[in-house]
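Architecture and fold: a report
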Amino acid sequence: MSTATKKRTSGIPFDWQARTRLVYGAGSIENVGHLARQVGVKNALIVTDAGVAAAGHAARVRAAFEASGMPVAVYEDVHENPTSSDAEACAAVARKIGADAFVGVGGGSSLDTAKAASFLVTNGGAMPDYRGYAKVKRPLLPNIAIPTTAGTGSECQSYALISDDETHVKMACGDPSAAPVLAVLDPELSRSMPRRVTALTGVDAISHAVESAVTRTRHAASSMLAREAFRRLAPAIPRTLESPDDLMVRGDALLGSAFAGSAIELSMLGAAHASANPLTAVHDVAHGQAVGVMLPGVVRMNAADPVIEAIYEDLVIAAKLDSIPVGGRTRDTSGDAATSAGERLARYLEDLLAAAGLATSLEDLGVPRDDAARLARDAAEQWTGGHNPRPVSISDFEALYASTWPRKERLAS
Ligand SMILES: [Fe+2]
């Protein structure tokens, strides 16, 4: 680092250039063939899953490519939580047709399979070879991301999350060239999401904004993205549950998810993701549910730090959190004004979970109370916990699980 950047200045020094061109708008996928041509694509492979294909989204993307005079093949065998073998199956098809680009259409699994296949086509080997960051010898093929869910933010990230075939442990495989060159955000595509998927992905997206806003590695750019993501997501996610066809709120959810994904790329995540991952691995709890149930406790824990409490206050004010109706009715925020911003944020998150029909306690999820010690040991090994603003020990995680276990009286009605 140069002498100049060592000098004391406002906040953590950073070096940021957005790698992904974002194109947003209802109906914007109609233009994807033209946009792909602009980034030099001639022979792309669309990567999607059977559900997204059945909804007609892959066919619309294919038609848009063909309207631009470009041939395009479709691979629709993506599985949830894709493994290294799944990536290899997709890569084999890409090699067969001589694809020069991937177009991921769907949720995080489709986008990550497209990225992972690109690692294998360009550099050979298997996905465990690329665990970590920048392990490739040759840059990946161009990748275009078309998300149909508002959740992972994978469209703005240079990592693919791929499960090991044997252990099913998730590997983060990253490279600067794995970031999509183009992401097309078309809110019309996300209208087909079932309510439960909307709830799970929406809660995950909000958790990305809340966690990335306060990490130890946050800086001016990541804070800007996380704050704007939360400002859009906090009112939009409860409204997507009430009015799933409303393009305005679907658009805010999609934008918020992409901005939160960009914030993660810069400043990572925290203790809610660290404590959620063992719930998924050991008890098969869906990711959005696992993060959602842990986040209120993490917010309360982090809010004890006055610097973090001030950031939460900024988020609460930016989103006008106390006036957001959740579950179709005005929330009971009586007394909230006298309460800390962290507590108000935690209550909003619990109300959102309840309104979305998701569990608000580990008891509701059927997690045995005496599992806390084992889960805490696993959580402490998650690398993302190291980015949490307050250090989290095994006993802190155990206390976090214990406080998240009982049913919440406030939400009983
Ligand atoms: Fe997440």
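Residues numbered from 1 in each chain as written. Predicted model: local features only at pLDDT ≥ 70, side-chain atom pairs only at ≥ 80, totals over all residues. Heavy atoms only, no water.

**Structural notes on the sheet that holds strand E9 (residues 182-185)**
The cut-off we apply is this: A pair of strands is treated as paired once DSSP finds two or more bridges between them. What counts as a helix is a DSSP run of H or I of at least four residues, what counts as a strand is a run of E of at least two, and both are numbered from the N terminus. Only the stretch in contact is used when a helix axis is fitted, and all axes are lines through C-alpha atoms; the angle between N-to-C directions ranges over 0 to 180 degrees.
Here we have 6 strands laid out as an open sheet, ordered E1-E9-E6-E4-E2-E3, and parallel in their pairing. What marks the edges here is a single partner per strand, and that holds for strand E1 (21-24) and strand E3 (72-75). Taken pair by pair, the neighbouring strands of this sheet meet at an average axis angle of 20°, ignoring direction. Direction of pairing for strand E4 (residues 101-106) relative to strand E6 (residues 143-147): parallel, over a ladder of 5 bridges. The residue of E6 that forms the bridge with glycine 106 is proline 147.

**Quick notes on the coordination of the iron ion**
Here is the rule: Counted as donors are N, O and S atoms no farther than 2.8 Å from the metal, or 3.2 Å for Na, K and Ca; water is not among the atoms, and sites may therefore look incomplete. Metal sites are grouped by the angles between bound donors: all angles between 85 and 135 degrees with four donors is tetrahedral, opposite donors over 155 degrees apart with the others between 65 and 115 is square planar for four donors and octahedral for six, and any other pattern is irregular.
In this structure, Asp204 (OD), His208 (NE2), His273 (NE2) and His287 (NE2) serve as the protein donors to the iron ion, at separations of 2.2 to 2.3 Å. In this structure, the iron ion is coordinated by 4 donor atoms arranged in irregular fashion, with angles at the metal of 84 to 165°.

**A closer look at empty space enclosed by the protein**
Unfilled space is identified by rolling a water-sized probe across the atoms. Under the convention used in this document: Points on a 1 Å grid over protein atoms alone make up a cavity when a 1.4 Å probe fits among them but cannot get out, and a pocket when they form an open set with protein on both sides within 12 Å along at least five of seven lines; lining residues each have an atom within 4 Å of a point. Grid points are joined across faces, edges and corners, and a volume is the space filled by probe spheres set on the points. Under the scheme applied, nonpolar residues are Ala, Val, Leu, Ile, Met, Phe, Trp, Tyr, Cys and Pro; charged residues are Asp, Glu, Lys and Arg; polar residues are all the others, including Gly.
Applying the stated criterion across every chain, the model contains 4 cavities of 30 Å³ or more. Computed from the structure, the largest cavity encloses a volume of approximately 40 Å³. In terms of lining, the largest cavity is formed by Leu362, Val367, Pro368, Arg369, Asp371, Ala372, Leu375, Tyr401, Ala402 and Trp405. Broken down by secondary-structure element, the contributors of at least two residues to the lining of the largest cavity are helix H15 (372-380) and helix H16 (394-404). A class-by-class count of the residues in the lining of the largest cavity yields 8 nonpolar, no polar and 2 charged.

**Side note on the pattern of salt bridges**
Filter applied, for reference: We define a salt bridge as a side-chain nitrogen of Lys or Arg found within 4 Å of a carboxyl oxygen belonging to Asp or Glu. Only protein chains enter the accessibility calculation, which uses a 1.4 Å probe. A residue is then buried if its area is under 20% of the maximum for its type, exposed if over 50%, and partly exposed in between.
Taken as a whole and assessed by the stated rule, the structure comprises 16 salt bridges. Arginine 60 is paired through a salt bridge with glutamate 30; the nearest N and O atoms lie 2.7 Å apart. Of this pair, arginine 60 sits in helix H4 (residues 57-67) while glutamate 30 sits in the loop between E1 and helix H2 (32-38), and the two are 30 residues apart along the sequence. When its relative accessible area of 28% is taken as the criterion, arginine 60 is described as partly exposed. For arginine 60, the salt bridge is made with glutamate 188, and the minimal N-O distance between the two is 3.5 Å. In this pair, arginine 60 sits in helix H4 while glutamate 188 sits in helix H7 (residues 187-190), placing the two residues 128 residues apart along the sequence. Overlapping salt bridges, with partners in common, bring together Glu228, Arg231, Arg232 and Asp252 in one network.

**Considering the layout of surface pockets**
Note the cut-off: Domain extents, as shown, originate in an automatic or database domain assignment.
Empty space within the second largest pocket amounts to approximately 400 Å³. Lining of the second largest pocket is provided by 14 residues; of these, Trp16, Gln17, Ala18, Glu265 and Leu266 occupy positions nearest its centre. Residue-level mapping places the lining of the second largest pocket at the junction of two domains, with at least three residues from each of domain 1 (21-189) and domain 2 (194-411).

**Comments concerning the domain arrangement of the protein**
How big an interface is tends to be reported as the loss of accessible area on association of its parts. Put simply, the rule reads: In what follows, residue pairs with any heavy atoms lying within 4.5 Å of each other are defined as contacts. Here the quantity called buried area is the total loss of accessible area, with a 1.4 Å probe, experienced by two parts when brought into contact, counted for both. Here a polar contact is taken to be a pair of N or O atoms separated by no more than 3.5 Å, where protein atoms must pair a possible hydrogen donor with a possible acceptor and residues adjacent in sequence count only if both atoms sit in side chains.
For the protein, the domain assignment lists domain 1 (21-189) and domain 2 (194-411). Summarising the inter-unit geometry, the C-alpha centres of domain 1 and domain 2 are found 27 Å apart. Taken together, the 19 residues of domain 1 in the interface contact 19 residues of domain 2. Taking both sides of the interface into account, the surface hidden between domain 1 and domain 2 amounts to around 1500 Å²; carbon and sulfur atoms contribute 67%. At the surface where domain 1 touches domain 2, the tally comes to 0 salt bridges. Linking domain 1 with domain 2 are 4 residue pairs in polar contact (both at pLDDT 80 or more). Of all the secondary-structure elements, those providing two or more residues to the side of domain 1 that touches domain 2 are E1 and H7. Partitioning the side of domain 1 that touches domain 2 into residue classes produces 10 nonpolar, 6 polar and 3 charged.

**Quick notes on the nonpolar core**
For clarity, the cut-off: Among buried residues, the Ala, Val, Leu, Ile, Met, Phe, Trp, Tyr and Cys ones that are joined through side-chain atoms within 4.5 Å form a nonpolar core.
Core analysis: the biggest nonpolar cluster contains 71 residues, and Phe230, Leu279, Tyr312 and Tyr401 have the highest contact counts within it. Split by domain, this core shows at least three residues from each of two domains, domain 1 (21-189) and domain 2 (194-411). What leucine 279 contacts, discounting residues up to four positions off in sequence, is Asp284, Val285, Ala290, Val293, Met294, Leu362, Val367, Leu375 and Tyr401. In this structure, Val47, Ala114, Phe119 and Val136 belong to the second largest nonpolar core, which totals 25 residues.

**A closer look at H15**
The condition that has to hold: The directions from the helix axis to the C-beta atoms form the arc being described.
Within H15, the full set of buried residues consists of Ala372, Leu375, Ala376 and Ala379. Seen along its axis, H15 keeps its buried residues to an arc of 105°; they face one direction. Packing partners of the buried residues in H15 comprise helix H11 (271-283) and H16.

**Focus on the side chain of threonine 48**
Structurally, the position occupied by threonine 48 is in the loop between strand E2 (44-47) and helix H3 (50-54). Given the relative accessible area of 0%, threonine 48 is considered buried. With near-sequence residues (within four places) excluded, threonine 48 lies in contact with Ala53, Ala58, Val74, Tyr75, Glu76, Asp77, Val78, Val105 and Ser110.

**Looking at the packing of helix H13 (residues 306-318) against helix H14 (residues 341-355)**
Each pair of packed helices gets described by two things: the angle between the helix axes and the distance between those axes. How we decide: Any angle between 65 and 115 degrees counts as roughly perpendicular, while under 35 counts as roughly parallel, over 145 as roughly antiparallel, and the rest as oblique. Crossings are assigned a handedness: left-handed for a near helix turned anticlockwise from the far helix by less than a right angle, right-handed for a clockwise turn.
It is at 8 Å that the axes of H13 and H14 come closest, and there the two elements cross at 55°. When the axes of H13 and H14 are compared, the pair comes out oblique. H14 is crossed by H13, and the crossing has left-handed handedness. For the pair H13 and H14, contact is made by Glu309, Tyr312, Glu313 and Val316 and by Ala341, Gly342, Arg344 and Leu345, respectively. Here the residues of the contact of H13 with H14 are counted per class, giving 4 nonpolar, 1 polar and 3 charged.

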